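One letter stands for each residue in the lines below.
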Amino acid sequence: MIGTWKWTLVAALAVRGIVPDAHASFAVDGCLSGPEMRVAGGLTPFGSSGGTQTVTLEMWQCNRRVEAARWKVSTPSQWIHLSPKSGVGVARVEVRVDANKAAARLSSIDYVGKLGGGDALITASGGVRVTQDAAPPPPPPPSPPPTTPPTGGPGGTCPITYEITPGTTFGPDGGSGSLNVRACFGGAVAAVHSSADWIVPQAASVMPGAGTGFIVRPNYAEQRKATLKVGTKSYTITQAARRPFGTFLEHATTPLGAIDHEAQFLVRDWDRDGIADVVYISKQGTGSGTTEVHVLSGASRWRQFVLHSTTYFGETDGRVQWDMLDWNRDGVLDLIAVVRTQTGSGRTEVHVLDGAGGFQTFLLHAVTAYGPTDDRWDWEFTDWNRDGVMDLVAIIKSQNVSGAVDVHVFDGVTGFQTWLFAGPTPFGSSDDRIDFSLVDWDGDGTSDLVSVIKRETGSGQTEVHVLSGASGFTQWLLHAATWFGPTDARFAFGLARVDRGTSLDLVTIITAGTGSGGTEVHVLDGSR
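Residues numbered from 1 in each chain as written. Predicted model: local features only at pLDDT ≥ 70, side-chain atom pairs only at ≥ 80, totals over all residues. Heavy atoms only, no water.

### Re the overall build of the chain
Inference 1: The secondary structure content of the chain amounts to 0 helices and 39 strands.
Inference 2: A buried classification covers 51% of the 528 residues belonging to the chain.
Inference 3: Long-range contacts, defined as pairs at least 24 residues apart, comprise 54% of the intrachain contacts of the chain with a sequence gap of at least 6.
Inference 4: Total accessible area on the chain is roughly 22,600 Å²; 53% of this is exposed by carbon and sulfur atoms. (Helix = DSSP H or I, 4+ residues; strand = E, 2+ residues; numbered from the N terminus. Buried < 20%, exposed > 50% of the residue type's maximum accessible area, 1.4 Å probe, protein only. Contact = heavy atoms within 4.5 Å. Areas by Shrake-Rupley, 256 points an atom, 1.4 Å probe, with all protein chains shown as cover.)

This is the structure:
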């Protein structure tokens with residue numbers, strides 16, 4: 001394991017008292033080594049008659065080529081054909097381009113490479129530019145007989161007119177279009193300009209009587225608009241938002257009945273099969289008299305258990321928030337208890353139980369820099385500074401000097417004693433209407449702040465909002481209304497990749513009041 005641990009032994013805790021607290025949280029390890037895509041063999045411009053070339057794409061990590069990376073390639077253009085479209089290792093892709101019968105055109109091949117799975121999944125992505133020459137001009141038509149210039153326009157000429165096809169509205173996947181300039185008698189060259197980098201003209205200017213193409217790149221966020229100008233004519237290009245969490249991938253009734261006692265749910269890949277499992281932490285009312293861990297297999301669609309385990313802890317309550325991560329990087333998820341109050345030290349403490357030991361032996365006892373805390377504080381873990389040691393993240397929902405929800409990150413190397421980051425978010429003070437968690441939403445290796453707002457939203461639905469960790473939690477990555485209407489404490493949420501997909505899906509666990517009478521799992525598609 002990277003880094004050096006300073007161990008502090010604290011007496012084991014027997015936690016008593018009941019304070020209701022039922023919500024789900026989760027975290028995804030960031031990639032420590034900066035995976036990237038590299039082009040080993042590129043493409044040269046295609047002639048107008050089309051043809052076939054081969055491009056070689058590789059995933060690199062720690063300046064070494066990753067031989068076991070799973071990869072996929074795609075293109076937004078129908079005139080480009082790829083074979084194969086997925087594989088493992090080095091991507092050697094045959095690129096076949098159809099003959100071009102119009103203006104020069106431009107597109108791309110998009111690459112996504114993956115290594116690992118579940119909490120250990122890392123990705124690299126990139127693109128390769130594809131260009132094709134314009135079709136040769138047709139032979140000039142016979143000269144028309146002399147005519148008298150029309151008198152309706154300035155100087156006795158026709159006004160220049162412009163045409164855009166297929167239109168000014170595009171879906172989230174983007175696409176291509178064309179601009180045409182028409183005039184009766186000559187005219188000046190028309191300049192072509194885009195106000196945004198997601199609209200790409202294929203030429204900087206166009207002659208009257210000719211045309212040029214443009215590309216609209218895929219949209220991975222909210223609806224957007226920009227201006228495409230040709231000559232004196234301006235077009236407003238509108239591209240639709242990509243709306244995740246609007247349709248279901250799965251509905252499942254679990255073996256669990258309705259939950260009417262203190263419990264917590266997490267969404268994790270316990271068995272490392274790349275499919276999200278549901279972790280049920282039963283804090284009270286257990287047969288063993290201890291806090292127990294039960295795991296429902298995602299591969300069975302959460303209908304079969306893959307783990308039943310007691311823990312070292314006795315029964316617990318709302319003073320303890322649980323998490324599950326591979327703390328010692330042995331390939332087995334460990335159980336983390338953040339004990340907020342009534343600790344031996346008088347401060348908030350972190351204790352880690354070894355998953356490989358059946359949660360009976362400790363990997364860590366740590367006293368944090370915080371005094372006693374309460375349910376205004378949500379706790380998460382991430383390797384914020386990428387030093388190989390998990391850091392402690394406090395999400396403080398109210399009563400902050402900033403008047404907003406604040407995020408504090410404490411360094412794991414110092415036993416959570418020193419700050420790595422502290423700052424406010426755009427959220428005003430919050431309460432139990434909002435569940436917070438950390439996940440790398442945009443795949444940049446930095447954990448982002450996910451908020452699930454259960455009720456009293458602008459849309460009237462349960463909403464998901466994501467703040468960029470790379471921006472210090474100041475810039476939005478996503479605003480999305482989900483399929484669910486207002487929800488309450490019976491609902492627990494977690495983001496995870498279901499069925500080894502590339503998108504993070506919203507796993508919803510409903511613990512009571514369901515049609516089946518038991519605990520149910522419903523998965524909303526996060527495709528974007």
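### Focus on the environment of Ala404
Inference 1: Note on placement: Ala404 falls in strand 31 (residues 404-410).
Inference 2: Linking Ala404 and Pro426, residues 22 residues apart in sequence, is a C-alpha distance of 6.9 Å.
Inference 3: When residues no more than four places from it in sequence are discounted, the contact partners of Ala404 are Ile396, Pro424, Thr425, Phe427, Gly428 and Ser429.

### Overview of the nonpolar core
Inference 1: In terms of nonpolar packing, the biggest core is built from 23 residues, with Leu57, Val73, Val93, Val95, Ile109, Tyr111 and Val130 touching the most fellow members.
Inference 2: Of all the secondary structure elements, the ones that give two or more residues to this core are strand 3 (51-61), strand 5 (70-74), strand 6 (80-83), strand 8 (91-97), strand 9 (105-115) and strand 10 (122-132).
Inference 3: Val130 has contacts with Leu43, Phe46, Trp79, Ile80, Val97, Arg105, Leu106, Ser107, Ser108 and Ile109, leaving out every residue within four places of it along the chain.
Inference 4: Counting residues in hydrophobic clusters, the runner-up holds 19 residues, among them Trp327, Val352, Leu364 and Phe381. (Core = buried A, V, L, I, M, F, W, Y, C linked by side-chain atoms within 4.5 Å.)

### Some remarks on the pairing of strand 23 (residues 290-296)
Inference 1: Across the 7 residues of strand 23, 7 count as buried, placing the element largely inside the fold.
Inference 2: The pairing of strand 22 (residues 277-282) with strand 23 spans 5 bridges and is antiparallel. Bridged to Tyr280 within strand 23 is His294.
Inference 3: The sheet contact formed by strand 23 and strand 24 (residues 305-314) spans 6 bridges and is antiparallel. Its bridge partner lying in strand 24, Leu296 is registered against Phe305. (Pairing = 2+ DSSP bridges.)

### Notes on the pattern of salt bridges
Side-chain pairs of opposite charge can arise where the charged atoms are in close proximity.
Inference 1: Applying the stated rule across the entire model yields 14 salt bridges.
Inference 2: Between Asp317 and Arg319 there is a salt bridge whose closest N-O contact spans 3.4 Å.
Inference 3: Overall, Asp317 belongs to the buried group, its relative accessible area being 0%.
Inference 4: On the accessibility criterion, Arg319 (7% relative accessible area) is buried.
Inference 5: Ionic pairing is found between Lys454 and Asp435, a salt bridge with its closest N-O pair at 3.3 Å. Here Lys454 is found in the loop between strand 34 (448-453) and strand 35 (463-467), whereas its partner Asp435 is found in strand 33 (residues 434-439), with 19 residues between them in sequence.
Inference 6: With relative accessibility at 2%, the residue Lys454 sits in the buried group.
Inference 7: You can call Asp435 buried: its relative accessible area is 8%.
Inference 8: Salt bridges here are not isolated pairs; linked through shared partners, they connect Glu58, Arg65 and Glu67. (Salt bridge = Lys/Arg side-chain N within 4 Å of Asp/Glu carboxyl O.)

### Details of the sheet that holds strand 30 (residues 391-396)
Inference 1: Judged by pairing direction, the sheet is antiparallel, and its 4 strands sit side by side in the order 29-30-31-32 without closing on themselves. Edge positions in the sheet fall to strand 29 (377-382) and strand 32 (419-428), since each has one partner strand and no second. Strand-to-strand, the axes of this sheet are offset by a mean angle of 20°, without reference to chain direction.
Inference 2: Inspection of the sheet shows strand 29 paired to strand 30 by 6 bridges, in the antiparallel sense. (Axes fitted to C-alpha atoms, helices over the stretch in contact; angles between N-to-C directions.)

### As for the side chain of Thr212
Inference 1: Among the secondary structure elements, Thr212 is positioned in strand 17 (residues 211-216).
Inference 2: A distance of 3.5 Å separates a polar side-chain atom of Thr212 from the backbone nitrogen of Ala203.
Inference 3: Residue contacts for Thr212: discarding those within four places in its chain leaves Ala103, Gly177, Ser178, Leu179, Val192, Gln202, Ala203 and Val206. (Polar contact = N/O pair within 3.5 Å; in protein donor to acceptor, adjacent residues only side chain to side chain.)

### Description of the packing of aromatic side chains
Inference 1: For the coordinates displayed, the defined rule picks out 24 aromatic pairs.
Inference 2: With a centroid separation of 5.2 Å and an interplanar angle of 20°, the aromatic rings of Phe265 and Tyr280 are classed as stacked. Remark: Tyr280 occurs in strand 22 and Phe265 occurs in strand 21 (residues 263-268); sequence separation between them is 15 residues.
Inference 3: Here Phe265 falls in the buried class, since its relative accessible area comes to 4%. (Phe/Tyr/Trp six-rings, centres within 6.5 Å; stacked < 30°, edge-to-face > 60°.)

### Digging into the environment of Gln342
Inference 1: Residue placement: Gln342 occurs in the loop between strand 26 (334-339) and strand 27 (349-353).
Inference 2: Residue Gln342 is classed as exposed on the basis of its relative accessible area of 65%.
Inference 3: Between the C-alpha atom of Gln342 and that of Arg319, which follows or precedes it by 23 residues, the distance is 8.4 Å.

### With respect to the sheet that holds strand 33
Inference 1: Read across the sheet, 4 strands follow the order 33-34-35-36 without closing on themselves; strand pairing throughout is antiparallel. Sheet topology places strand 33 and strand 36 (476-481) at the edges, where each strand pairs with a single neighbour. Neighbour-to-neighbour, the strand axes of this sheet turn through a mean angle of 15°, independent of strand direction.
Inference 2: The sheet contact formed by strand 34 and strand 35 spans 5 bridges and is antiparallel. By the bridge assignment, Ser451 is partnered in strand 35 with His465.

### Some details on the side chain of Glu292
Inference 1: Along the polypeptide, Glu292 turns up in strand 23.
Inference 2: Given a relative accessible area of 12%, Glu292 falls into the buried group.
Inference 3: Once residues within four sequence positions are removed from consideration, Glu292 is found in contact with Tyr280, Ile281, Ser282, Thr286, Gly287, Ser309, Thr310 and Thr311.

By themselves, these are just geometric observations and shouldn't be taken as functional.
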